[in-house]
Amino acid sequence: ATPTGEERPAPFSEIPLRPGMRAVGQLGAIANFERVISRSWKHGMRQGTLDGSAIGGPIGPRWVPGPLDPNCAFRVTFDALSLVVLLWDLSVMPYVLAWDVAVVGILRVLSWLTMCFWTTDLVLSFITGYYADGELVMEQPQIAQHFLRTWFVPDVVCVGADWFATILTGLSSTSSGSSSLDTAGLLRLSKLGRLIRLLGLARMARVGKLFNRMVDHDLSEHMQMFVQIVKLFFLVLWVSHWTTCMWYAFARSIPSDTGRRWFDQSEAKGGSEYEYFTAFHWSVSQWTSAGAIDVAPVNTAERVLNILLVLFGLLFGGSVISSLSATMMQFRMLRQEQTEKLSTVRRFLAQHGVSQVLAVQIQRQVRERMSAGQPLLEREVPALGLLSTSLLTKLRANMFEAYCLNYPLFRWWRMLDRGAVDVLCRDAAEFAFLVPGDHLFSVNTDSNAAFFVISGKLKYTPGPVVGGDPAIVESKTWLCEAALWTSWIHVGTAEAVVPCKLLVLSAEGLQKAMRHSPLIAELTQQYARTFHEIVTSSDERAGISDVAVRLAGHAEVLCSLQPEIQQMIGHATLAEQPSTFASHMLGSRKTFEQLEVELRKGRCVLLQNGDGRVERVVRLIVLRLRRSDRRILVHLGSWDGKRGQPDLKLPGCKHTAGETVQECFKSFLKNDMDAIRDGIKLKRMEYDPTTADVSGSYNMHTRYLRMIHHATLDENVQIPFEAVRTADTGSLSATPRGPRPKLLAGHELRLNSGASGSLSPETFDVAKHRVFYMRQGGGVSLYSWLSIDEYQFLKSAAGGRVLQHWLAEMKVDLAAMY
């Protein structure tokens, strides 16, 4: 805005290119890299190993056998399940041992399942990466050595005990036919095996670390305190359970010097359930001064154990109470901090005489936002400043890379030089969090960053310069991408509708990152210049906003880059595809080779879009030729020498890389429309980027960028010759209607079939339509003048059958063309 507050105009044709994007090299690095990757790709074609080795290894989302990342979804899920299995194992086994419960039925099934689970865990530990000094180690020999030095022996002992106990239990259950001596020995060994299974307690240390890591990573501070309280509560229950089983098993197994045991008391007699809960009540009473019951030790051994448990309870109970008190104090301090902030706000509002209604609204919003909380930003964690540069780069790449790759240019970066993307994440990326009502940017302010909406919704209101209605910006959308390449001024206002998380990509940081590689710098500068040329040559008020710049999408910019860059991106995209890409997606290696030829000749470009999907982009020059009766010329199909093959479309050709639109259009008129080109009068051009479909030739997603040339045909220009064939006589005659051209002539066929009426397969009258055929490249194409309704009907499924029957009845006299 001007110093007086007036709105400043937005002359898009005068928007300057952002400094740092102007010095463009001579494509030396790009040309050299394109030759290298093209040779590597062709070698891969010959060897049948298109696995990305041309550019430093596979990048695509395909599974390769190797070490497991400890943070991958499978390993995290397995670790969470190990916590459940461990709790089951260490809760059931003490009860089974104390009350000598037979391991049969469901207990036997679960025993086998847990044994198999821990055996699998032992195997997976040999191939799961680990952290050393904060660095993730993923080399298989180092992983195996680390596991052998740390948890291998305890895990082998625990798993071996599981198998030993299970085998002995199975032998004892099948020993009914053996002698009583053998049976007693097996039973004793079986009990010993069960006792050895208690060594599984050693797993608690490792699984406990996994639990703490999951809690710290996924939960808020308040939830972490709540989980801590719940954990202390269940720890007391679990220790009481173990003490209960120990108290009962000790009384049963140790000889009594008085001939009595505590469960011989009349009050304690009953079934195993009553005995368990009586012992559990006694166990809990040892940690507190209240709740004592009348069950008491009745022999020396029980008295000694009771004394030891009282001393342990004194220490354990004090530790639990102190931990609980510390957690509650921490929670109270957090609440006190929020209370002090609210009190400060209230004093401020009162001292400055803010109205009661507005004061209530302000306090409510402050309270809501403090309760909701905000995720921590990197600058709010001072300890991260202690990290090494390499580890900090890995951290930021892990946080930001997935979101940066939603911009296809940065996927091209990763294909060509992966390190450049890491530097981009380190130097240019930040997170931003908005709550409802916050403004991301305002109209007429300078922009130095682009934004990617990770989650949430924003309301974008265009300013008066560009006009238009407000729109909702959904997640997975880029905003202000023009700010990366030009000195951009916001032409609208963006406001959060719901809580939003955004990626902020700094233009200054991007320029630092692109200097990581001369190849990346040249590519990015070319991209910026092309983007800038599209913006400055567009209508100043049509299709340009902070949300999107019409005609400047990634496909459009790539198609406007130099042919060397297009081929480099295409070959890099092909090179990183798996070896099964040709057979699974394209159908055959021959089709794959045809795609490469089309790419090399500049008839298409290949890229990976924001979702990582390979996309073929084809630019088309389309002629929409209209007669005075408002009928348009339509390409019906082609002649294969025997019959007409349907291919309904408007006349046109593919735009080859390196040609301007005007050059390509003139070439099309000369090669395909020479018979009538002198009568074609161009009125206007229209760009249509919305056509997208799955290509029938390549079975891959294809986007067609059509430049439609609207033109009219002079009434005095007609097809020089007309050939008519009737279905019943089979005669073929030629009637000259003008001078015969030297190289190219057009001819017309008429069919007498069908009846007049509405547009349907029964009433479409082909007799009213004259069909022309003209030379096109090395073949012959068939045309007719149709109304818009007739053209749309023939594009339908029913119309397609009519067209196929129609063309099958035609004959072409090729000799008459010369």
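Our structure's up above, just so we're on the same page.
These notes cover the structure that comes with them.

### A look at the overall build of the chain
Across its full length, the chain carries 23 helices and 22 strands. The 818 residues of the chain split such that 43% are buried. In the chain, the share of contacts with a sequence separation of at least 24, taken over all contacts with a separation of at least 6, comes to 73%. Counting every atom, the chain has about 41900 Å² of accessible surface; 58% of that belongs to carbon and sulfur.

### Quick look at empty space enclosed by the protein
The tally for this structure, following the rule as stated, stands at two cavities of 30 Å³ or more. The wall of the largest cavity is formed by C559, Q566, G602, R603, C604, V605, V617, V618, R619, H655 and A657. Here the lining of the largest cavity takes three residues from strand β12 (residues 614-626), the largest share from any one element. Its residues assigned to classes, the lining of the largest cavity shows six nonpolar, three polar and two charged. Estimates place the volume of the second largest cavity at around 40 Å³. Every residue lining the second largest cavity is listed: W478, L479, C480, E481, A482, S545, D546, V547, A548 and V549.

### Observations regarding the sheet that holds strand β8 (residues 477-479)
The four strands are arranged β3-β10-β5-β8 in an open sheet whose pairing can be described as antiparallel. The sheet is open, and its two edges are formed by β3 (429-434) and β8, each paired on a single side. Neighbouring strand axes in the sheet, compared pairwise and without regard to direction, differ in orientation by 30 degrees on average. Strand direction decides the pairing type here: strand β5 (residues 449-455) and β8, joined by three bridges, are antiparallel. The partner of V453 across the bridge, within β8, is T477. Those strands touched by helix α15 (residues 507-514) are β5 and β10 (500-506), and its axis lies near 55 degrees from that of β10.

### Focus: α15
By the criterion of burial, α15 is predominantly enclosed, with six of the eight residues buried. Taken as a whole, α15 has its buried residues at A507, G509, L510, Q511, A513 and M514. Where α15 is buried, its residues meet α13 (408-416), α14 (418-428), β5, β10 and α16 (518-537). Where α15 begins, one side-chain oxygen reaches toward the backbone nitrogen of E508, 3.3 Å away; that side chain belongs to S506.

### With respect to the pattern of salt bridges
For the structure on display, the rule yields 16 salt bridges. As a salt-bridge pair, R75 and D121 come within 3.2 Å of each other at their nearest N and O atoms. Placement of R75 in helix α2 (residues 73-99) and of D121 in helix α3 (residues 106-125) is noted, with a sequence separation of 46 residues between them. The exposure class of D121 is buried, given its relative accessible area of 3%. Close ionic contact of E378 with R396 constitutes a salt bridge, the shortest N to O distance being 2.2 Å. Of this pair, E378 sits in the loop between α11 (356-372) and α12 (389-404) while R396 is found in helix α12, placing the two residues 18 residues apart along the sequence. Taking the relative accessible area as the measure of exposure, E378 reaches 22% and is therefore partly exposed. By relative accessible area, which is 4% here, R396 ends up buried. Linked by salt bridges that have partners in common, E378, R396 and E430 make up one network.

### Some words on the packing of α14 against α15
Close contact between α14 and α15 brings their axes to 8 Å; oriented N to C, the two are set at 150 degrees. Regarding the angle of α14 to α15, the classification is roughly antiparallel. With respect to the hand of their crossing, α14 and α15 are arranged in right-handed fashion. Contacts between α14 and α15 pair A420, V423, L424, D427 and A428 from the former with G509, L510, K512 and A513 from the latter. A class-by-class count of the residues in the contact of α14 with α15 yields six nonpolar, one polar and two charged.

### A closer look at the nonpolar core
Within the largest apolar cluster, 103 residues are counted, with the highest numbers of intra-cluster contacts made by F410, W413 and M673. Considering every element that reaches this core, the biggest residue donor is α16, with eight residues. Apart from the residues within four sequence positions on either side, F410 is in contact with C404, L405, V421, L424, L505 and L510. Core analysis: the next-biggest nonpolar cluster, separate from the first, contains 34 residues, C604, M700, Y773 and L782 among them.

### Things to note about the packing of aromatic side chains
One pass over the full model with this rule turns up 33 aromatic pairs. Ring geometry for W412 and Y527: centres 5.9 Å apart, planes at 70 degrees, overall edge-to-face. With W412 in helix α13 and Y527 in helix α16, this pair connects stretches of sequence that are 115 residues apart. Among the residues examined, W412 registers a relative accessible area of 0% and is labelled buried. By relative accessible area, Y527 is classed as buried at 0%. Put simply, the rings of Y95, W99, W247, Y248, W262, F263, Y276, F277, F280 and W282 touch in pairs and so form one group of aromatic residues. Above the face of the F431 ring, K501 is positioned so that its terminal group lies 4.5 Å from the ring centre.

### Quick word on the sheet that holds strand β6 (residues 458-462)
Pairing is antiparallel in the open sheet, where four strands are placed in the order β4-β9-β6-β7. Looking at which strands have only one partner, the edges of the open sheet turn out to be β4 (439-441) and β7 (471-473). Each strand axis lies, on average, 30 degrees off the axis of its neighbour in the sheet, ignoring direction. Of the pairings in the sheet, the one linking β6 to β7 comprises three bridges and is antiparallel in character. When the sheet's bridge partners are listed, L458 is paired in β7 with V473.

### A look at unusual backbone geometry
The backbone of C480 shows a phi angle near 60 degrees, a positive value even though the residue is not glycine. With respect to the helices, strands and loops of the structure, C480 is situated in the loop between β8 and β9 (492-496). Backbone geometry places R630, a non-glycine residue, at a positive phi of 70 degrees. Within the fold, R630 resides in the loop between β12 and β13 (632-639).

### Notes on the environment of F764
Within the secondary structure, F764 sits in the loop between β20 (747-749) and β21 (771-776). A sequence separation of 29 residues divides F764 from F793, and the C-alpha atoms of the two residues are 9.3 Å apart.

### Quick notes on helix α9 (residues 272-285)
Here α9 spans 20 Å end to end across 14 residues, near enough to the 20 Å set by a 1.5 Å rise per residue. Taken together, the buried positions of α9 are E275, Y276, T278, A279, F280, W282, S283 and S285.

### Concerning a nonpolar patch on the surface
Together, V304, I307, L308 and L311 make up a nonpolar patch on the protein surface, roughly 370 Å² of accessible area in all. By secondary structure assignment, the location of L308 is in helix α10 (residues 300-351).

Thresholds applied
- Residues numbered from 1 in each chain as written.
- Predicted model: local features only at pLDDT ≥ 70, side-chain atom pairs only at ≥ 80, totals over all residues.
- Heavy atoms only, no water.
- Helix = DSSP H or I, 4+ residues; strand = E, 2+ residues; numbered from the N terminus.
- Buried < 20%, exposed > 50% of the residue type's maximum accessible area, 1.4 Å probe, protein only.
- Contact = heavy atoms within 4.5 Å.
- Areas by Shrake-Rupley, 256 points an atom, 1.4 Å probe, with all protein chains shown as cover.
- 1 Å grid on protein atoms, 1.4 Å probe; cavity = no way out; pocket = protein on both sides within 12 Å on 5 of 7 lines; lining within 4 Å.
- Points joined across faces, edges and corners; volume = space filled by probe spheres on them.
- Nonpolar A, V, L, I, M, F, W, Y, C, P; charged D, E, K, R; others polar.
- Pairing = 2+ DSSP bridges.
- Axes fitted to C-alpha atoms, helices over the stretch in contact; angles between N-to-C directions.
- Polar contact = N/O pair within 3.5 Å; in protein donor to acceptor, adjacent residues only side chain to side chain.
- Salt bridge = Lys/Arg side-chain N within 4 Å of Asp/Glu carboxyl O.
- Parallel < 35°, antiparallel > 145°, perpendicular 65-115°, else oblique.
- Left-handed = near helix turned anticlockwise from the far one by under 90°.
- Core = buried A, V, L, I, M, F, W, Y, C linked by side-chain atoms within 4.5 Å.
- Phe/Tyr/Trp six-rings, centres within 6.5 Å; stacked < 30°, edge-to-face > 60°.
- Lys NZ or Arg CZ within 6 Å of the ring centre and 35° of its normal.
- Expected span 1.5 Å × (residues − 1).
- Patch = residues over 30% accessible without salt bridge, like charges linked within 9 Å, V, L, I, M, F, W, Y side chains within 5 Å.

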